[in-house]
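# Results of the structural survey
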Amino acid sequence: MTESGPTFDRFFDSMESLADTISESLQSQVTIEDSNHHVIGYSSHQFESDPARISTIIGKRVPNTVIIGLRKKGVMHQLENAAHPIRIPAVMEVGLGPRLAMCIKHQQEILGYIWVVDRGNLAEGYAEEIVEKAAGIAGRYLLKQRGWKTKQDKAFEDFFWKLLTSHYDTEPRIRQEAEAWSILLPESYYIGVLESDKIIDEHFLLRFRQVMDAYAGQRLLFLTAEHNRLILLFSFVFPVEGTEILSSFVNKLLADMSRSEGCRLAAGCSPGYREYTSAALAYREALSVLEIKKLLPYHARGLLLYEQIGFWAHIPAIMEQKRSRTRRSALLHPLKLHDREHKSDFLKTIAVYLTLDGNLKESAAFLHIHTNTLMYRLNRIAEITGRSLKETDYRTSVYLDILTEETAQVNSWFQFHEDTGSAASTS
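Presented here is an overview of the structure given in this document. Owing to the predicted nature of the structure, the values given are computational and were not obtained by experimental measurement.

## Overview of the pattern of salt bridges
Applying the stated criterion to the full structure yields 21 salt bridges. Across the salt bridge formed by Arg175 and Glu171, the nearest N and O atoms sit 3.4 Å from each other. Taken together, the positions of Arg175 and Glu171, both in helix H6 (residues 171–180) and four residues apart, correspond to about one turn of that helix. The exposure class of Arg175 is partly exposed, given its relative accessible area of 36%.

Next comes the structure, spelled out in structure tokens:
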């Protein structure tokens, strides 16, 4: 080691070469990260390392457990508010040994971090000087990369919207443009739409990318926001059979984001597709799931995947058809008339009973009546209508008429249960 140190007034073609230069001078391991804790350069010298560095280099990103642990200890706050490199004692709870570190900034904006393993061999003052010079070079590199990334991100977003709006008429044309922007299209993909009760801002987008990055076996290719909606195209690294893994993944994503951002989220997800000319269809399918969840929040509370949508897919079309008619349901008329004349709750009774799959005990509890009272009401409904709920065609028809003609009423009946029973659910 020479006190004159390495020369930094030369061109560094990568952050790998910068990390190696620091490492050669300080005889210690070096890692350079961007603001999202992705590794953009690390030294190739083979010294003994600690678990935090090993897992960071293997995963190309600092593990969330390490970041969270350092933030809890106040280390990240201290580092991000320091103007010069600081010495950080070991945090063995997260497998991190002693470090000399510096936050790379442009004005007050954080661009990244430099971490040097401190094995007790870092000369006081000299090591800090080396790291500070390197941070200046890394900062210029990251700013330049940001300019390119902004241009690339814009191109990616434009390409994504073209997919979503059927701009391309053939598969070869899609793949030709993807290749021009070095976009590696996965063999199969899904399109998901998340809807928040808050406007989606840059912080939300950043956090979303961080959460997605933490999931192994999944790849986020495109992401765009529109008011309170987040639209994404993603894939799985390995083939996925059935819907269980997809459903589990999206539910976990919703739960993590809802907890992190303190918002309420709903989502719809398309089936898997191979042809990218089907992206617009996949987008509409994801949106249709959200539409049903808005129309009938309680009834569609568990709906997440278009593959599981069943007859719900036809509800909006039935509603639209009914709006153009002046006549209302003949099946519901006798019940509504009886309720009006006798102040009874027969329409609500049948709505609850059919919604809860004909379960007498659950329906009675929902209505706050005894099961005998419920059975009496069901018998009276059969007498009034002249039809039995055991008849599949009548049962189905009356249920659809209730859902599509008395939607506001139905939602008001189930509002309390939707708020309390699924407040923690974000699907």
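## Comments concerning unusual backbone geometry
A positive phi angle, close to 60 degrees, is found at Ser166, a residue other than glycine. Tracing the backbone through its elements, the reader meets Ser166 in the loop between helix H5 (126–164) and H6. Phi at Asp357 is positive, roughly 60 degrees, even though this residue is not glycine. Among the residues examined, Asp357 registers a relative accessible area of 68% and is labelled exposed.

## With respect to the environment of Trp312
Mapped onto the fold, Trp312 is located in the loop between helix H9 (279–295) and helix H10 (315–323). When the C-alpha atoms of Trp312 and Val117 are compared, they prove to be 58 Å apart, with 195 residues separating the residues in sequence. Once residues within four sequence positions are removed from consideration, Trp312 is found in contact with Ile292, Leu296, His299, Tyr399 and Leu403.

## Quick look at the packing of aromatic side chains
Two aromatic rings, taken as a pair, are described by how far apart their centres are and by the angle between their planes. For the structure on display, the rule yields 17 aromatic pairs. For the ring pair Phe159 and Phe222, a centre distance of 5.6 Å and an interplane angle of 50 degrees mean the geometry is tilted. In this pair, Phe159 is assigned in helix H5 and Phe222 in strand S7 (residues 218–226), connecting sequence segments 63 residues apart. By relative accessible area, which is 1% here, Phe159 ends up buried. Between Phe160 and Phe222, the aromatic rings sit 5.1 Å apart at their centres with planes inclined by 15 degrees, giving stacked as the arrangement.

## Quick notes on the sheet that holds strand S5 (residues 109–117)
Taken together, five strands build an open sheet; the order of strands is S2-S1-S5-S4-S3 and the sheet is antiparallel. Every other strand in the sheet has two partners, leaving strand S2 (39–42) and strand S3 (86–88) as the edge strands with one partner each. Each adjacent strand pair in this sheet contributes to an overall mean axis angle of 25 degrees, direction not counted. In the sheet, S3 pairs with strand S4 (residues 99–106) via three bridges, with the strands oriented antiparallel. Across the sheet, residue Arg87 finds its bridge partner in S4, namely Leu100. In the packing of helix H1 (residues 15–26) onto the sheet, the strands contacted are strand S1 (30–34), S2 and S5, and the crossing angle to S2 comes to about 40 degrees. Helix H2 (residues 51–59) rests against S1, S2, S4 and S5 of the sheet, and its axis sits at about 115 degrees to S2.

## Focus: the pairing of strand S6 (residues 190–196)
The buried count for S6 comes to seven of seven residues, which makes it a mostly enclosed element. Here S6 shows a buried face lined by Tyr190, Gly192, Leu194 and Ser196 and a second buried face lined by Ile191, Val193 and Glu195. Relative to strand S8 (residues 229–236), S6 is paired through six bridges, and the arrangement is antiparallel. Along S8, the bridge assignment pairs Leu194 with Leu230. Of the strand pairs in this sheet, S6 and strand S9 (residues 265–269) are connected by five bridges, and their pairing is antiparallel. Each residue of the ladder has a partner; that of Val193, found in S9, is Gly268.

Reading the values: rules and limits
- Residues numbered from 1 in each chain as written.
- Predicted model: local features only at pLDDT ≥ 70, side-chain atom pairs only at ≥ 80, totals over all residues.
- Heavy atoms only, no water.
- Salt bridge = Lys/Arg side-chain N within 4 Å of Asp/Glu carboxyl O.
- Helix = DSSP H or I, 4+ residues; strand = E, 2+ residues; numbered from the N terminus.
- Buried < 20%, exposed > 50% of the residue type's maximum accessible area, 1.4 Å probe, protein only.
- Contact = heavy atoms within 4.5 Å.
- Phe/Tyr/Trp six-rings, centres within 6.5 Å; stacked < 30°, edge-to-face > 60°.
- Pairing = 2+ DSSP bridges.
- Axes fitted to C-alpha atoms, helices over the stretch in contact; angles between N-to-C directions.

Read these as geometric descriptors, not functional statements.
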